[in-house]
Amino acid sequence: MSDESPVDGLMSRLSLIEDQPLEARAAAFTQVHDELQQQLEGKDAFSRNG
């Protein structure tokens, strides 16, 4: 089990993305955005229904 927090994990992931070529960065940042948006929307739906 890792001692890394979700924020630390995200920062590590963003650091890796920043080292990639521009086109790869764009796609990777889009993927991160989509994942975060899904998480936020899921929590929002839960708070409205729960």
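Preceding block: the structure.
Our subject in this report is the structure included herewith.

Let's shift gears to the overall build of the chain. The number of helices and strands found in the chain is two helices and zero strands. Burial statistics for the chain: of 50 residues in total, 6% are counted as buried. Only carbon and sulfur atoms are counted for the fraction: they give 56% of the accessible area of the chain, which is about 4400 Å².

Take the pattern of salt bridges next. Applying the stated criterion across every chain, the model contains one salt bridge. Note that Glu 35 and Arg 13 form a salt bridge whose closest N and O atoms lie 2.6 Å from each other. Placement of the pair is Glu 35 in helix 2 (residues 22-49) and Arg 13 in helix 1 (residues 6-18), with a sequence separation of 22 residues.

As a further point, take the environment of Val 32. Topologically, Val 32 is positioned in helix 2. Residue classification places Val 32 among the buried positions, given a relative accessible area of 6%. The spatial distance from the C-alpha of Val 32 to the C-alpha of Arg 13 is 8.9 Å, given a sequence separation of 19 residues. Setting aside anything within four residues of it in sequence, one finds Val 32 in contact with Leu 10, Arg 13, Leu 14 and Ile 17.

Reading the values: rules and limits
Residues numbered from 1 in each chain as written. Predicted model: local features only at pLDDT ≥ 70, side-chain atom pairs only at ≥ 80, totals over all residues. Heavy atoms only, no water. Helix = DSSP H or I, 4+ residues; strand = E, 2+ residues; numbered from the N terminus. Buried < 20%, exposed > 50% of the residue type's maximum accessible area, 1.4 Å probe, protein only. Areas by Shrake-Rupley, 256 points an atom, 1.4 Å probe, with all protein chains shown as cover. Salt bridge = Lys/Arg side-chain N within 4 Å of Asp/Glu carboxyl O. Contact = heavy atoms within 4.5 Å.

Any functional reading would require information that these geometric values do not contain.
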